[in-house]
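# Coordinates in review
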Amino acid sequence: MRRAGRLDQTTLLITSDHGHGLVERALYAERLLPGRTVACEGRILLVVVDGAGEARTVVGLLAEHGVYPLASEYLPGDRRSHLAAFVAPDGTAFELRPTSSSGDPDGAPGSRPIRGMNAERAISGAPKYRSSHGFRPGHPADERFAIVRGSGVPRQTRARAEAEDLAPTVAALLGVAHPGPGKSWL
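Residues numbered from 1 in each chain as written. Predicted model: local features only at pLDDT ≥ 70, side-chain atom pairs only at ≥ 80, totals over all residues. Heavy atoms only, no water.

### Thoughts on the nonpolar core
Counted only if it meets this: In plain words, nonpolar cores are sets of buried Ala, Val, Leu, Ile, Met, Phe, Trp, Tyr and Cys residues tied together by side-chain atoms within 4.5 Å. When accessible area is computed with a 1.4 Å probe and restricted to protein chains, residues below 20% of their type maximum are described as buried, those above 50% as exposed, and intermediate ones as partly exposed. Segments assigned H or I by DSSP are reported as helices when at least four residues long, segments assigned E as strands when at least two residues long, and all are numbered from the N terminus. It only takes one pair of heavy atoms within 4.5 Å for two residues to be counted as in contact.
Leu33, Leu45, Val47, Val58, Leu62, Phe86 and Phe94 are the most contacted members of the largest nonpolar core, which totals 15 residues. Those elements that place two or more of their residues in this core are helix 1 (29-32), strand 5 (44-48), helix 2 (52-63) and strand 7 (83-87). Take this core: its biggest share by element is three residues, from helix 2. Contact partners of Leu45, with chain neighbours within four places excluded, come to Ala29, Leu33, Val38, Ala39, Cys40, Leu62, Ala84, Ala85, Phe86 and Phe94.

### Concerning a nonpolar patch on the surface
The cut-off we apply is this: Exposure above 30% relative accessible area and no salt bridge define the residues that can form patches, which grow by joining like charges within 9 Å and nonpolar side chains of Val, Leu, Ile, Met, Phe, Trp and Tyr within 5 Å. Reported accessibility uses the Shrake-Rupley method at a 1.4 Å probe radius. Residues are deemed covered only where the shown protein chains occlude them. Throughout this description, the term salt bridge denotes a Lys or Arg side-chain nitrogen within 4 Å of a carboxyl oxygen of Asp or Glu.
On the surface, Ile14, Phe145 and Ile147 cluster together to form a nonpolar patch covering roughly 280 Å² of accessible area. Residue position: Ile147 is located in strand 13 (residues 146-150). By relative accessible area, Ile147 is classed as partly exposed at 45%.

### Focus: the pattern of salt bridges
Considering all chains together, one arrives at three salt bridges under this definition. In this structure, the salt-bridge partner of Asp90 is Arg43, at a minimum N-O distance of 2.8 Å. With a gap of 47 residues between them, Asp90 in the loop between strand 7 and strand 8 (92-95) and Arg43 in the loop between strand 4 (38-41) and strand 5 connect regions that are remote in the sequence. Classification of Asp90 by relative accessible area gives exposed; the value is 56%. Take Arg43: its relative accessible area is 1%, and that puts it in the buried class.

As structure tokens, then:
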């Protein structure tokens, strides 16, 4: 930009959609809840349940492993009685279980081999990835970041800003109105 003579006419905005946090252990959802339909997303686990009674049963099964329920307000209202959300303890993420060292034919796609006694029954182990997203809402490791630099952008550092303030900031940089919520950082 500098060599092209455009540095003074350019504003850069770099942002992330989520943060990342260290993962030291993986919990294998299929082993924790055999026979249930589950979806893993970092520290978040979604489990298909048939009503509040079954959800309580799943809460009990997962509590033994430090997993706790996540409030379901973010789920569509008509799905809340059929879908339960859970959060893994700090330093832990949910993953598909690895295959056995003998090439277990029902191993999950993209999984990695594990070895040792009772490997096929293991409920936890080394993580596939050393960091993950999908932590519980409000967790510091899930915080996003934004860098805004350019002509007319004041130099400042904010320890924290609300996500809803990003769109008004972009609108202000572009010189257009933003009718939604939030307040520009500029």
